[in-house]
Amino acid sequence: KFVVLSFSESQTRGGFISVLDAFTKAFDGQDDVALVLKDRATTDRFREVVDHYSSAHDVEIILDDRDLTDFEEQNQLYSNADLMLYLNYSSTFAMTAMQSLSCGLPLCSMSYSGPAEYLTDYNGLKIEYNLCEVSDELLNKLQGFGLRNYLFPRSYFHVSPVWAIPLVSDVIKQLKFAYE
């Protein structure tokens, strides 16, 4: 089975909705693929969203929200996967993306923010993206999926924050390329 690991948090900037959207469109109805979403502090609403995507597209999606207590548990997650899909909209360093590379797991991510420093054509697949001003409308939409919002109130910023939103069509293309 081709296993895609996505390691983030079910929060507004975590990118999980883009991960779910792209994965289910790329592999709709395929039983030889699986998506492992490594999360922490999953909300009941987000669990419902994941179950909906899985059943609506007839694909295996595993939501893993257990606390990892030692290095071996984390290493096992990486070694059981074939690809790390990291679509965080705004990550300063992206530690789990870097860890996947250190375990020899190819990275599929946007070359934006943290990953821009280490994602190359030799260690992964680059996803095209658009920069998007973070609006209350976007935050409300993402919170509707059961994602938590850790972003300060927008009034805190002198200018509106900007996120990189992946082009789902390019994510699909890269997922299919990695699968083949």
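Residues numbered from 1 in each chain as written. Predicted model: local features only at pLDDT ≥ 70, side-chain atom pairs only at ≥ 80, totals over all residues. Heavy atoms only, no water.

## Examining the overall build of the chain
Our working rule: Only DSSP runs of H or I covering at least 4 residues are called helices, and only runs of E covering at least 2 are called strands; the numbering of each starts at the N terminus. Throughout, the radius of gyration refers to the C-alpha atoms, and the reference size of a globule is 2.2 Å times the residue count to the power 0.38. Here's how the labels work: a residue is buried when its accessible area is under 20% of the maximum for its type, exposed when over 50%, partly exposed in between, all with a 1.4 Å probe on protein chains only. For the purpose of counting charges, residues Lys and Arg are taken to be positive, whereas Asp and Glu are taken to be negative. His and the chain ends are not included. One atom stands in for each charge, and that atom is NZ of Lys, CZ of Arg, CG of Asp or CD of Glu.
If you tally the helices and strands in the chain, you get six helices and eight strands. Ordered by position from N to C terminus, the α and β elements of the chain give β-α-β-α-β-α-β-α-β-β-β-α-β-α. Taken over the C-alpha trace, the chain has a radius of gyration of 16 Å; the compact-globule value for 180 residues is 16 Å, and the two agree within 12%. By principal-axis analysis of the C-alpha atoms, the chain measures approximately 45 × 35 × 35 Å. Per-residue burial over the chain gives 48% buried out of 180 residues. With 14 positive and 26 negative side-chain charges, the chain shows a spacing of 4 Å between the two charge centroids.

## So, the sheet that holds strand E3 (residues 60-64)
So the rule is basically this: Strands are labelled as partners when DSSP assigns at least two bridges between them. Here the axes come from fitting lines to C-alpha atoms, over the contacting stretch only for helices, and the angles between their N-to-C directions go from 0 to 180 degrees.
Taken in spatial order, the six strands make up an open sheet running E3-E2-E1-E4-E5-E6, and their pairing is parallel. Two strands lie at the open edges of the sheet, namely E3 and strand E6 (124-127), each paired on one side alone. Within this sheet the neighbouring strands show an average axis-to-axis angle of 20°, counted without direction. In the sheet, strand E2 (residues 33-38) pairs with E3 via five bridges, with the strands oriented parallel.

## Let's talk about the packing of helix H1 (residues 16-26) against helix H6 (residues 168-179)
Spelled out, the test is: Oblique is the label for any angle not covered by the other classes, which are roughly parallel (under 35 degrees), roughly antiparallel (over 145) and roughly perpendicular (65 to 115). It is the rotation of the near helix from the far one that decides the hand of a crossing: anticlockwise by less than a right angle makes it left-handed, clockwise makes it right-handed. By the convention used here, residues are in contact when the closest approach between their heavy atoms is within 4.5 Å. Here the nonpolar group is Ala, Val, Leu, Ile, Met, Phe, Trp, Tyr, Cys and Pro; Asp, Glu, Lys and Arg are the charged ones; every other residue, Gly included, is treated as polar.
Interhelical geometry of H1 versus H6 gives an angle of 50° and a closest axis separation of 9 Å. Relative to H6, the element H1 lies oblique. Where H1 crosses over H6, the handedness of that crossing is right-handed. Where H1 abuts H6, its residues Asp-21, Ala-22, Phe-23, Lys-25 and Ala-26 lie against Val-168, Val-171, Ile-172, Leu-175 and Lys-176. Each residue belonging to the contact of H1 with H6 can be placed in one class, and the counts come to seven nonpolar, no polar and three charged.

## Details of the pattern of salt bridges
Heads up, the rule is: A pairing counts as a salt bridge when a side-chain nitrogen of Lys or Arg comes within 4 Å of a carboxyl oxygen of Asp or Glu.
For the coordinates displayed, the defined rule picks out eight salt bridges. Residues Lys-25 and Asp-21 are paired through a salt bridge, measuring 3.3 Å at the closest nitrogen-oxygen approach. Taken together, the residues span about one helical turn, with Lys-25 and Asp-21 both in helix H1 at a distance of four residues. The partly exposed category is assigned to Lys-25, whose relative accessible area is 46%. Here Arg-45 ties to Glu-48 by a salt bridge, and the two come within 3.5 Å at their closest N and O atoms.

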